[in-house]
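# Structural overview for review
One letter stands for each residue in the lines below.
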Amino acid sequence: MALAYIALGSNLRDPVHEVSQAMTELDTLPETRLVKASSLYRTAPVGYDNQPDFINAVAAIDTGLEPMALLQAILDLENRHGRERPFPNAPRVLDLDLLLYEQVVMNTPALTLPHPRMHQRGFVLLPLAEIAPELHIAGYGSVADLAKQCADQGVVLLQEQST
């Protein structure tokens, strides 16, 4: 089994429900078990401002799926929720990003690990620091330190995780 981290986001339909439901569904992926879930956070959109705020979270999973198979599984989950991609940074019902997979470093046309912009994004780092502050992002440093650098990005704790 490999430890992986997935970012979840939504700003269409009922974003709190979409993220919460997707979190539950990660636990049903083949050979995969949800280990830990962050609280929910509200975040202003990045890249295309004319859209609603996002609800974001991060999940830690144990999985027997290899990175590309896990990527395909989470893309299938997005599609089941009605994900459309009309243009970059468009509003979305569900967005799932594979952030880290063990200490794997890879760069293919379909998948880059660690996720290429995660070290700059408070909406990823703050929930990730909540569940795994000791993590180290290859080439960038500790999640806890990186999260402190993003504290001014307007990411607001919406709902604390109950467990």
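Presented here is an overview of the structure given in this document. (Residues numbered from 1 in each chain as written. Predicted model: local features only at pLDDT ≥ 70, side-chain atom pairs only at ≥ 80, totals over all residues. Heavy atoms only, no water.)

Quick look at the overall build of the protein chain now. When helices and strands are tallied, the protein chain shows 4 helices and 10 strands. Reading the helices (α) and strands (β) of the protein chain from amino to carboxyl end gives β-α-β-β-β-α-β-β-β-α-β-β-α-β. Taking 15 Å as the expected radius of gyration for a compact globule of 163 residues, we find that the protein chain reaches 14 Å, a close match to that expectation. Seen along its three principal axes, the alpha-carbon backbone of the protein chain occupies a region of about 40 × 35 × 35 Å. Look at the contacts in the protein chain between residues 6 or more apart in sequence, and 68% of them connect residues 24 or more apart. As presented, the protein chain carries roughly 8000 Å² of accessible surface, and 51% of it is formed by carbon and sulfur atoms. (Helix = DSSP H or I, 4+ residues; strand = E, 2+ residues; numbered from the N terminus. Rg over C-alpha atoms; globule rule 2.2 N^0.38 Å. Contact = heavy atoms within 4.5 Å. Areas by Shrake-Rupley, 256 points an atom, 1.4 Å probe, with all protein chains shown as cover.)

Before going further, it helps to spend a moment on the side chain of S39. With respect to the helices, strands and loops of the structure, S39 is situated in the loop between strand 2 (32-37) and strand 3 (40-43). A polar contact is formed between the side chain of S39 and the side chain of E130, at a distance of 2.8 Å. (Polar contact = N/O pair within 3.5 Å; in protein donor to acceptor, adjacent residues only side chain to side chain.)

Right, let's get into the nonpolar core. In terms of nonpolar packing, the biggest core is built from 28 residues, with I6, L8, L26, L70, I74 and L98 touching the most fellow members. If you tally residues by element for this core, the top one is helix 2 (residues 67-80), at 5 residues. In this structure, L26 is in contact with I6, L8, T32, A59, I61, I74 and L77, ignoring residues within four places of it in sequence. Residues Y5, A7, M118 and A132 belong to the second largest nonpolar core, which totals 22 residues. (Core = buried A, V, L, I, M, F, W, Y, C linked by side-chain atoms within 4.5 Å. Buried < 20%, exposed > 50% of the residue type's maximum accessible area, 1.4 Å probe, protein only.)

Turning our eyes to something else, we now look at helix 3 (residues 122-131). Of all 10 residues that make up helix 3, 8 are buried, and the element is covered over most of its length. Of all the residues in helix 3, the buried ones are G122, F123, V124, L125, P127, L128, A129 and I131.

Another point: the pattern of salt bridges. Inspection of the entire model under this criterion finds 6 salt bridges. In this structure, the salt-bridge partner of R13 is E18, at a minimum N-O distance of 3.8 Å. Residue E78 is joined to R85 by a salt bridge in which the shortest nitrogen-to-oxygen separation is 2.4 Å. You can call E78 buried: its relative accessible area is 1%. In this structure, a network of salt bridges that share partners links the residues E78, R83, R85, R92 and D95. (Salt bridge = Lys/Arg side-chain N within 4 Å of Asp/Glu carboxyl O.)

This part is about the side chain of T63. Of note, T63 is situated in strand 4 (residues 54-63). A distance of 3.0 Å separates the side chain of T63 from the backbone nitrogen of L65, its partner in a polar contact. Not counting residues up to four positions away in its chain, the partners in contact with T63 are M1, A2, P30, E31, T32, L70 and Y101.

Among the structural elements, R42 can be located in strand 3. A relative accessible area of 36% means that R42 is categorised as partly exposed. Taking C-alpha positions, R42 is 9.8 Å from S10, a pair spaced 32 residues apart along the chain.

You can see Q149 is positioned in helix 4 (residues 143-149). Under the relative-accessibility criterion, Q149 is labelled exposed at 60%. Considered as a pair, Q149 and H119 are 30 residues apart in the sequence and their alpha carbons are 9.6 Å apart.

A separate point is helix 2. If you check helix 2, its first and last C-alpha atoms are 20 Å apart, about what 14 residues at 1.5 Å a residue would give, namely 20 Å. For helix 2, the set of buried residues is P67, L70, L71, A73, I74, L77 and E78. Seen end-on, helix 2 carries its buried residues on one side only, within an arc spanning 160 degrees. Structurally, helix 2 contributes buried residues whose contacts are with strand 1 (2-10), helix 1 (15-26), strand 4, strand 5 (95-101), strand 6 (106-107) and strand 7 (112-113). With its phi angle positive at about 95 degrees, G82 sits one or two positions after the end of helix 2. (Expected span 1.5 Å × (residues − 1). Arc of directions from axis to C-beta.)

That is the geometry; function is a separate question.
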